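# Examination of the molecular architecture
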Amino acid sequence: MAAKLLSWACIRNKNGNLTPRSHYPSMPKYPKGVNVSFDEESKVLFSVIGMTCAACAGSVEKAVKRLPGIKEAVVDVLNNRAQVMFYPAFVNEETIRETIEDVGFQATMIKEEINEKSTQVCRIRIKEMSCTSCSTTVESSLQAMHGVIKAQVALATEEAEVQYDPKILSYNQILEAIEDAGFEAILISAGEDRSKIQLQVHGIRTENSMRIIGNSLQALPGVQDIDFDLDFQKFTISYKPDLTGPRTFIKIIESTGSGQLKAIIFPEGGGREAHRQEEIKRYYRSFLWSLFFTIPVFLISMVLVYIPGIKHGLDIKIVNMLSMGEMLRWILSTPVQFIIGRRFYTGSYNALLHGSANMDVLIALGTNAAYFYSVYSVLTAATSQSFKSTDFFETSSMLISFILLGKYLEVLAKGKMSEAIEKLMDLAPETATLLSLDNEGNLINEEEIDSRLIQKNDIIKIIPGEKVACDGFVVWGQSFANESMITGESRPVAKRKGDMVIGGTVNENGVLHIKATRVGSESALSQIVRLVESAQMAKAPVQKFADRISKFFVPLVIILSFSTWLAWFLAGKLHGYPKSWIPTSMDSFQLALQFGISVMVIACPCALGLATPTAVMVGTGVGASQGVLIKGGQALESTHKVNCIVFDKTGTLTVGKPVVVNTRLLKNMVLREFYELVAAAEVNSEHPLAKAVVEYAKKFREDEENPVWPEALDFESITGHGVKAVVRNKEVLVGNKGLMLAQNINIPLDAEEILTETEGLAQTGVLVSIDRELVGILAISDPLKPGAREVISILKSMKVKSLLVTGDNWGTANSIAKEVGIESVIAEAKPENKAEKVKELQAEGNVVAMVGDGINDSPALVAADVGMAIGAGTDIAIEAADIVLMKSNLEDVITAIDLSRKTFFRIRLNYLWALGYNILGIPIAAGALFPSTGFRLPPWIAGAAMAASSVSVVCCSLLLKNYKRPKKLDTLEIRGITVE
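Residues numbered from 1 in each chain as written. Predicted model: local features only at pLDDT ≥ 70, side-chain atom pairs only at ≥ 80, totals over all residues. Heavy atoms only, no water.

### A few points about a negative patch on the surface
A cluster of like negative charges, contributed by Glu176, Glu179, Asp180 and Glu184, occupies part of the molecular surface. Looking at the negative patch element by element, the count peaks at three residues for helix α5 (residues 171–180). (Patch = residues over 30% accessible without salt bridge, like charges linked within 9 Å, V, L, I, M, F, W, Y side chains within 5 Å. Areas by Shrake-Rupley, 256 points an atom, 1.4 Å probe, with all protein chains shown as cover. Salt bridge = Lys/Arg side-chain N within 4 Å of Asp/Glu carboxyl O. Lys, Arg positive; Asp, Glu negative; His and termini not counted. Charge placed at Lys NZ, Arg CZ, Asp CG, Glu CD. Helix = DSSP H or I, 4+ residues; strand = E, 2+ residues; numbered from the N terminus.)

The following block contains the structure:
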């Protein structure tokens, strides 16, 4: 209650109104008569030689962004590339190149890569895949296409992800290839460009009208592509969100129609959940219809023949020896075989057409053998006056019914596996409150809009208890946000002016006005959903085992089935077993046929195919709900083998917010003047320690909100050591002991003692030299993260060895390591040294995980078997990492390892069950127990067992949804840390 009163007091204006009129600073205006066009935009890519760490990349980025007309600059230190978006009216490529070289790096423009990416990725939903053989057939067909770079087909999600060259083929050709393979294909998304919207226009009647509207939209800056469909009155528009947005399109459409047209977002009907529900309903209907015919067949065959009055009616002969009961069974089982069971015929036909055999082939062969033998038997009875018919109509119809029941239960269970994605997608609110402002930032109007209509730079109002509609930053107000649904962080996070907010999180107690920065598919929420979807598509290496088996599984089962029939048939003809073994209602041929059919229908390739993907799908979904984003099966499989973890120090073991705690001057000097020189040199550096120094220096300039520091000439960032610059005609060096020694700066004995004392307190000593004389030492402290010691201790108990690799000095590194309980330490390591250490550990036979912040540690994250980027927050698209830990909590490292171990335990259990079932089930179905026990497995029971095996594998994987992180983590004493 006190918190609410406080927040209300903070936002209450003089009149006591809780939603005061907002005011924002106006945007800078160009002088009258000056017309500046921002429509023309260019992109250039440079190769930048000489960058070694994030500080280098930061200095290049900062220098380029200072140029006029720069829209965006991104520097990739790993690949030595810099990509710059700019307006040619203000700046050109040569000026940008010269600016990069002025910073101290060699820059060369890459002309051939300036254009958009040469590859695109499309996602496709594939219907009617029944087993691993189906997914392998589709994948092989796609891989064989000229222009396809990579294709992944996931049986569990029934989706394909295809990377292809758009210059060689289109996604329509990919869809055709899948349909030629015998499966229905539906496009989910095409190309890398995900900024796309579908609008429905009411009131439009002719194709010419649609073409006029299309031309008007195409003329807008930022519109890339337009498709229209007159039947659905639908426009599909691809656009650049930086330049335009959906509200602009609606405005143009409605103004074109003179008020007669009404445009709305096209109602979505085809999401993953909608498709899953449709599939569930389809199987449910098929099963009910099958049951409608099968129950009478079962009653006539198994029950009614034992009731005297009814038995007499069923035994009435219609034609020769053909009885009423046989005729009824034939009539009732035919729709089940050919109408309800048609999907098995089409599936097996398409599989055989492409030279493969799947589960549909086994079902079709098994049911056809039972049905057509029964038809032969019935027709023979109808044409003979002595032949007594024995039919298996109940076998074929009951077999199909049980298989459909199994498929229905399987689809029902598989639907629960994608709940993690559905929950994430449901986080986005349906509506948002848009604020309209005048040129001076005064509030004019507010209106409720569909959240999908939000455009970049919109001002959105968020009231207490409401979900944040998009990513952005706070421009007015203060509150607390519950971000647990995105990051897993349970404690509310304070939000005030300038703080970033994440779409899908909940505003708790104050009114916030936010400026939209990332909307729609660019938002953190959309990125997380895409990451989880991609993870569920990616195959684990262990899946190759099932893929190899599936290639010969079905042909082998067909051979075994035929061999079983032949062996029992020949044994019967040659009197290899007593006649007493043959049931009274059968002969030796019919007994052999039942054994053969049972072998064919009990074998289940589905269970093998679903063993890995279902567990990976549930595991990655559970991980996402815990704030641990695992990038696919490969990452999961590697993580469960990890026995050695390399930790970075700053931002990983420590909070990552270093602060200056002590200043020791070795020469008489005014402290303000000292910090002005130091801050002027450090302000150009991106290093966390440099930022801490500059932040501390601001305390001596409290009269200025954003102090301007003296100009630093000849600035040079020396990787792993510090910075060098000329400030006010004085040469200033700020860095570690190594920098001073390299520059031949004398370090007095008392300075050495201060350094030793500082490092003994787990603090970092930063030395300052002015005009080649050491004048001061700064002590910088970065507190340990809560629970760091306990996490290292738990890892030891899990038989995982921990190492600390840091660019900091040996003294500080050893103190931190001792405090947390790490025995192996490597200090003063450059980014490339970290990667080398990882490779050394791998050469010793270790499976190595690297835990870092994803920036300076990128080379090591790539080199490690598993790269874990910690504290990524909203920047989840870290290419280098295999696992992204969205909270900055170290205990999530343990959660990731434990979850991967539990997931792979499930995979092993699934394989054990699937293989064990087939290894035991096939001999029993073949009659291995019949000679000694008289036990025989009827085909319809064999079919039920086959259906149950797939369902059991899916359900076993679904048990992972109950995953709880190790109890040891719940008992951790988390100590709060406050950084001033």
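### Focus on the packing of aromatic side chains
Inspection of every chain in the model, using the stated rule, returns 29 aromatic pairs. Geometrically, the ring pair formed by Trp565 and Phe569 is stacked, given 5.3 Å between the ring centres and 5 degrees between the ring planes. One end of the pair is Trp565 and the other is Phe569, both in helix α17 (residues 543–573) and four residues apart, which spans about a single turn. The two residues Trp565 and Phe569 agree in class, both being buried. Taken together through their ring pairs, the aromatic side chains of Tyr373, Tyr376, Phe392, Phe562, Trp565, Phe569 and Phe589 make up a single cluster. If you follow Arg282 out to its NZ or CZ, it ends over the ring of Tyr283, 5.8 Å from the centre. (Phe/Tyr/Trp six-rings, centres within 6.5 Å; stacked < 30°, edge-to-face > 60°. Buried < 20%, exposed > 50% of the residue type's maximum accessible area, 1.4 Å probe, protein only. Lys NZ or Arg CZ within 6 Å of the ring centre and 35° of its normal.)

### Describing the confidence of the model for the chain
Residues at a pLDDT of 70 or more form 89% of the chain, whose mean pLDDT is 81. The element-level mean pLDDT for the chain is lowest in helix α1 (residues 2–11), coming to 36, with helix α10 (residues 324–340) highest at 93. Scored below 50 in pLDDT, residues 872–877 makes 16 contacts in the model with residues more than four places away or belonging to other chains. Segment residues 973–980: pLDDT under 50, and 17 contacts once partners within four positions in sequence are set aside and those in other chains are kept. (pLDDT = per-residue confidence, 0-100. Contact = heavy atoms within 4.5 Å.)

### Some details on the pattern of salt bridges
Per the counting criterion, the structure on display carries 24 salt bridges. Two residues, Arg452 and Asp450, come together in a salt bridge whose shortest N-O distance is 2.9 Å. On the basis of relative accessible area, Arg452 is assigned to the partly exposed category, the value being 39%. Taking relative accessible area as the criterion, Asp450 reaches 24% and is therefore assigned partly exposed. Each member of the salt-bridge network shares a partner with another, and the members are Glu94, Arg97 and Glu101.

### Re the UniProt feature "transmembrane region" (unreviewed entry) in the chain
Here, the residues flagged by UniProt with the feature "transmembrane region" (unreviewed entry) are residues 286–307, 327–345, 357–376, 396–413, 552–571, 591–611, 911–931 and 937–960. Helix makes up 100% of residues 396–413 and strand 0%, and the two end C-alpha atoms of the span are 26 Å apart. (UniProt positions renumbered as here; feature names shortened; annotations may be inferred.)

### Quick notes on helix α7 (residues 246–256)
Helical geometry note: an α-helix holds 3.6 residues per turn, so side chains three or four residues apart project in the same direction. For α7, the full list of buried residues reads Pro246, Phe249, Ile250 and Ile253. Seen end-on, α7 carries its buried residues on one side only, within an arc spanning 100 degrees. Facing away from the buried side of α7 by more than 90 degrees, the exposed set consists of Lys251 and Ser255. Buried residues belonging to α7 abut β9 (196–202), α6 (207–218), β10 (223–229), β11 (234–239) and β12 (262–265). (Arc of directions from axis to C-beta.)

### Considerations on the packing of helix α19 (residues 605–625) against helix α30 (residues 891–925)
Direction vectors running N to C along α19 and α30 enclose 160 degrees, while the axes themselves pass 9 Å from each other. The orientation of α19 relative to α30 falls into the category roughly antiparallel. Where α19 crosses over α30, the handedness of that crossing is right-handed. For the pair formed by α19 and α30, the contact residues are Ala607, Leu608, Ala611, Thr612, Thr614, Ala615, Val616, Gly619, Val622 and Gly623 on the first element and Leu899, Thr903, Arg906, Ile907, Asn910, Tyr911, Ala914 and Leu915 on the second. In terms of residue class, the contact of α19 with α30 is made up of 11 nonpolar, six polar and one charged. (Axes fitted to C-alpha atoms, helices over the stretch in contact; angles between N-to-C directions. Parallel < 35°, antiparallel > 145°, perpendicular 65-115°, else oblique. Left-handed = near helix turned anticlockwise from the far one by under 90°. Nonpolar A, V, L, I, M, F, W, Y, C, P; charged D, E, K, R; others polar.)

### Overview of the sheet that holds β11
As summarised here, the arrangement of the four strands in space is β10-β11-β9-β12, forming an open sheet in which the pairing is antiparallel. Looking at the sheet topology across the chains shown, the edges are occupied by β10 and β12. Taking each pair of neighbouring strands and ignoring which way they run, the sheet shows an average axis angle of 25 degrees. Two strands pair when backbone bridges link them, and β9 and β11 are joined in this way by five bridges, in the antiparallel orientation. (Pairing = 2+ DSSP bridges.)

### Here's the deal with the environment of Ala635
Examined against the element boundaries, Ala635 turns out to sit in helix α20 (residues 633–639). Spatially, the C-alpha atom of Ala635 lies 9.9 Å from that of Lys539, the residues being 96 residues apart in sequence. Apart from residues no more than four positions distant in its own chain, Ala635 is found in contact with Ile630, Val866, Asp882 and Ile883.

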